[in-house]
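Working through the structure, step by step
Chain by chain, the residues run as shown.
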Amino acid sequence: YFDGDPQRDSEWQIMDASDREVFHVFGGVRCLQEVATPLEPGTLYKWKVRYQDSDGVWSAWSRATLFMTNRAPERPVNQSPAEGATGVSLKPDLTASPYSDPDDTPQRASEWEIALPEKVMGHPVFLDVYQRVVEGEGHSHRVSDDLAAGTTYLWRVRYQDMGGLWSEWSER
């Protein structure tokens, strides 16, 4: 914004698709504003800004600009070892479907869990025996700890994108 007078203030606004205001702030002398209110993933929003000069005169609002927030990666599917597999190594290689993101946001990490299925008072519970977060791309993981022989385990995985969103967990 420039009309010959120095800028005194700025006013920023974000609205959802129904024009409901979800963020509003007076930002001072700046051309960039951090949004402190969490926005919903995969949601269409629009933002606009206006500036005030040193005489207290406000500019017109900028034209509203549409944007969509990042969506979480697709839920992975366990591939190997398959449910009910026997003769599996005590340090198995876990493999899931390849990483997929609806926004084509690159993968940041994967999280792998192995659990013992148990019943407590007749209800199924899962006792986690192994958990690892692996930075970087990939859809397989070699378990680094020995698992007990002759024991049935269930495993699951989830993926994180570079925007920090996690997929849903794969089914155990």
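It should be noted that the structure appears before, not after, this text.
No experiment lies behind these values; they were computed from the predicted model shown.

Attention shifts here to the overall build of the protein. In terms of regular secondary structure, the protein is built from zero helices and ten strands. Start at the N end of the protein and walk to the C end: the helices and strands fall as β-β-β-β-β-β-β-β-β-β. For the protein, whose C-alpha radius of gyration is 24 Å, the value lies well above the compact-globule estimate of 16 Å for 172 residues. The principal-axis extent of the C-alpha atoms belonging to the protein is close to 80 × 35 × 20 Å. Excluding contacts between residues fewer than 6 apart, the proportion of contacts in the protein whose partners are at least 24 apart in sequence is 59%. Here the protein displays about 10,600 Å² of accessible surface, and carbon together with sulfur accounts for 51% of that area. Computing the positive centroid from 17 side-chain charges and the negative centroid from 28, the protein places the two 2 Å apart.

This paragraph deals with the sheet that holds strand 7 (residues 107-120). Whether parallel or antiparallel, the strands of a sheet pair through hydrogen bonds between backbone atoms. With respect to topology, three strands assemble into an open sheet ordered 8-7-10, the strand pairing being antiparallel. The two strands at the open ends of the sheet, each matched to only one other strand, are strand 8 (123-135) and strand 10 (154-161). Within this sheet the neighbouring strands show an average axis-to-axis angle of 25°, counted without direction.

A full pass over the atoms with the stated rule returns six aromatic pairs. When the ring of W112 is compared with that of W155, the centres are 6.0 Å apart and the planes differ by 25°; the resulting orientation is stacked. One end of the pair, W112, is in strand 7; the other, W155, is in strand 10, with 43 residues separating them in the sequence. Connected via pairs of aromatic rings, a cluster forms that spans W12, W47 and Y51. The residue whose ring lies beneath K48 is W61, and the NZ or CZ to ring-centre distance is 4.9 Å. Taking NZ or CZ as reference, R172 lies 4.2 Å from the ring centre of F126, over its face.

Parameters at a glance
- Residues numbered from 1 in each chain as written.
- Predicted model: local features only at pLDDT ≥ 70, side-chain atom pairs only at ≥ 80, totals over all residues.
- Heavy atoms only, no water.
- Helix = DSSP H or I, 4+ residues; strand = E, 2+ residues; numbered from the N terminus.
- Rg over C-alpha atoms; globule rule 2.2 N^0.38 Å.
- Contact = heavy atoms within 4.5 Å.
- Areas by Shrake-Rupley, 256 points an atom, 1.4 Å probe, with all protein chains shown as cover.
- Lys, Arg positive; Asp, Glu negative; His and termini not counted.
- Charge placed at Lys NZ, Arg CZ, Asp CG, Glu CD.
- Pairing = 2+ DSSP bridges.
- Axes fitted to C-alpha atoms, helices over the stretch in contact; angles between N-to-C directions.
- Phe/Tyr/Trp six-rings, centres within 6.5 Å; stacked < 30°, edge-to-face > 60°.
- Lys NZ or Arg CZ within 6 Å of the ring centre and 35° of its normal.

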